[in-house]
Amino acid sequence: MNQSLNDKKYAPIGVFDSGVGGLTVAREIMRQLSLERIVYFGDTARVPYGSKSKETILRYSRQIIHFLESKGVKAIVVACNTASAYALEELRPEMRIPIIGVVKPGAKVAAQVTRNGKIGVIGTEGTIASQIYTEMIQRHNPHAIVVGKACPLFVPLVEEGWLKDPITIEVAKRYLASFQETGIDTLILGCTHYPLLRSVVRDIMGEGVELVNPAYETAQGLKRLLEECGIANDGAQPEGAPMYQFYVSDAAEKFKSFANSILPCEIKEAQLIQIEE
Ligand code: DGL
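Because the structure is predicted, anything quoted here is derived from the model rather than measured.

(A) Summary view of empty space enclosed by the protein. Counting across every chain of the model gives one cavity of 30 Å³ or more. Here the largest cavity defines a volume of roughly 50 Å³. Of all the elements in the fold, those that place two or more residues in the lining of the largest cavity are helix H1 (23–32) and helix H11 (214–228). In the lining of the largest cavity, the residues fall into eight nonpolar, four polar and no charged.

Here it is as structure tokens:
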């Protein structure tokens, strides 16, 4: 390998999630940072994180970060909202490379786009219970009113591929009914899977409610971070280095077919690894 191509800027970005959902974030990074290589880990053996304790999520996230570091990544994106809520700030001081999550960027954009200061958040039970979105939004707008709603059935419905199924629409109507009378004009899709239900949520909430997908803003934030640290890829790739690599802790074939249904590129393989070791 050419000496200059050993430079940190040619190292990949590590992205992780509890499973397939973080592919919505990886997809956004692929779109916005097309020169960056990615190593993705989906914890398909231990999903869901949304109903687990903080201690467990912290332990899982630490293992995954060590794995990604062993792959030589230059920065890490915590694509999972629940892990961003419970593990990110605790793990940051342990790290020698930059790490970002999805909550801060999503909260920031919601605080900017709301006109009336009333913001809804949908997410897993863990993310909503943590109140992290409320805290982050109020850092930008201390007077904002934030209304959260956990929507735990959305994750299995998306994983089943029932993106526009009548059952999904019915479930969404039930969950989103709790926003009636709240007057929110902005709704954060605060879980990796929810951007895939965007059109169902849009139809129920109506055009008057702005939907915020934190993945978009996270990719923007990553771009700024890489530039500030002087480690953004300038387009030269080390010879033979794969652009995208995928690792999972279980059900590699299922992961692969889900990935191929939502990513802009075809993935040939998802490698199974033992993350506990
Ligand atoms: N990735 C999770 C999140 O964004 C959703 C799936 C899960 O519960 O693990 O919070």
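(B) Quick peek at the packing of helix H9 (residues 166–176) against helix H10 (residues 198–205). Interhelical geometry of H9 versus H10 gives an angle of 50° and a closest axis separation of 10 Å. Considering the angle they form, H9 stands oblique to H10. Handedness of the H9/H10 crossing: right-handed. Residue-level inspection shows Ile169, Ala172, Lys173 and Leu176 of H9 in contact with H10, the latter providing Val200, Val201, Ile204 and Met205.

(C) Representation of the packing of aromatic side chains within the structure. For the structure shown, the criterion picks out eight aromatic pairs. Ring geometry for Phe154 versus Tyr194: centroids 5.2 Å apart, planes at 85°, classification edge-to-face. Here Phe154, found in helix H8 (residues 154–159), pairs with Tyr194, found in the loop between strand S7 (186–189) and H10; they are 40 residues apart in sequence, far enough to count as distant. The exposure class of Phe154 is buried, given its relative accessible area of 0%. One aromatic cluster is present, formed by Tyr40, Phe246 and Phe255 through successive ring pairs.

(D) Looking closely at H9. Taken together, the buried positions of H9 are Thr168, Val171, Ala172, Tyr175 and Leu176. Taken around the axis of H9, the buried residues stretch over an arc of 120°, which confines them to a single face. Within H9, the exposed residues directed more than 90 degrees away from the buried face are Pro166 and Arg174. Where H9 is buried, its residues touch strand S5 (118–123), strand S6 (145–150), H8, S7 and H10. Capping the start of H9, Asp165 holds a side-chain oxygen 2.8 Å from the backbone nitrogen of Ile167, two or three residues further along.

(E) Broad picture of the sheet that holds strand S8 (residues 210–212). Here four strands make up an open sheet; going across it, the order is S6-S5-S7-S8 and the pairing parallel. Taken across any chain shown, the strands that pair with only one partner, and hence form the sheet edges, are S6 and S8. Between one strand axis and the next, the sheet turns by 20° as a mean value, whatever way the strands run. As judged from the three bridges shared by S7 and S8, these two strands associate in the parallel manner. Among the inter-strand pairings, Ile188 is bridged to a residue of S8, identified as Val212.

(F) Representation of the sheet that holds strand S10 (residues 271–272) in the model. A sheet is described by the order of its strands in space; here six strands give the open sequence S4-S3-S1-S2-S9-S10, paired in parallel fashion. Whereas interior strands pair on both sides, the edge strands pair on one side only; in this sheet they are strand S4 (99–101) and S10. Inspection of the sheet shows strand S1 (residues 13–17) paired to strand S2 (residues 38–42) by five bridges, in the parallel sense. Of the residues in S2, the one forming a bridge with Phe16 is Phe41. Relative to the sheet, H11 contacts S1, strand S3 (75–78) and S4, its axis offset from that of S4 by approximately 160°.

(G) Fine view of the environment of Ile273. Its place among the elements puts Ile273 in the segment after S10. Each C-alpha atom, one on Ile273 and one on Phe41, is 9.5 Å from the other, the two residues being 232 residues apart in sequence. Discounting chain neighbours no more than four positions away, the residues touching Ile273 are Phe41, Phe67, Tyr247, Val248 and Ser249.

(H) Structural context of the packing of H1 against H11. Running from N to C, H1 and H11 point in directions that differ by 50°, and their axes come no closer than 9 Å. The orientation of H1 relative to H11 falls into the category oblique. Between H1 and H11 lies a crossing of right-handed hand. Seen from H1, the contacting residues are Thr24, Val25, Glu28, Ile29 and Gln32; seen from H11, they are Ala215, Tyr216, Ala219, Gln220, Leu222 and Lys223. Of the residues contributing to the contact of H1 with H11, the split by class is six nonpolar, three polar and two charged.

(I) Here's a closer look at the pairing of S2. Most of S2 sits out of view: five of its five residues are buried. Where burial is concerned, the two faces of S2 agree: the one with Ile38, Tyr40 and Gly42 and the one with Val39 and Phe41 are both buried. Taken together, S1, H1 and S2 constitute a β-α-β crossover, and its handedness is right-handed. Relative to strand S9 (residues 244–248), S2 runs parallel, the two sharing five bridges. Along S9, the bridge assignment pairs Ile38 with Tyr244.

What counts, and where the lines are drawn
Residues numbered from 1 in each chain as written. Predicted model: local features only at pLDDT ≥ 70, side-chain atom pairs only at ≥ 80, totals over all residues. Heavy atoms only, no water. 1 Å grid on protein atoms, 1.4 Å probe; cavity = no way out; pocket = protein on both sides within 12 Å on 5 of 7 lines; lining within 4 Å. Points joined across faces, edges and corners; volume = space filled by probe spheres on them. Helix = DSSP H or I, 4+ residues; strand = E, 2+ residues; numbered from the N terminus. Nonpolar A, V, L, I, M, F, W, Y, C, P; charged D, E, K, R; others polar. Axes fitted to C-alpha atoms, helices over the stretch in contact; angles between N-to-C directions. Parallel < 35°, antiparallel > 145°, perpendicular 65-115°, else oblique. Left-handed = near helix turned anticlockwise from the far one by under 90°. Contact = heavy atoms within 4.5 Å. Phe/Tyr/Trp six-rings, centres within 6.5 Å; stacked < 30°, edge-to-face > 60°. Buried < 20%, exposed > 50% of the residue type's maximum accessible area, 1.4 Å probe, protein only. Arc of directions from axis to C-beta. Polar contact = N/O pair within 3.5 Å; in protein donor to acceptor, adjacent residues only side chain to side chain. Pairing = 2+ DSSP bridges. Right-handed = clockwise from strand over helix to strand, strands pointing away.

Worth remembering: the numbers are spatial, not functional.
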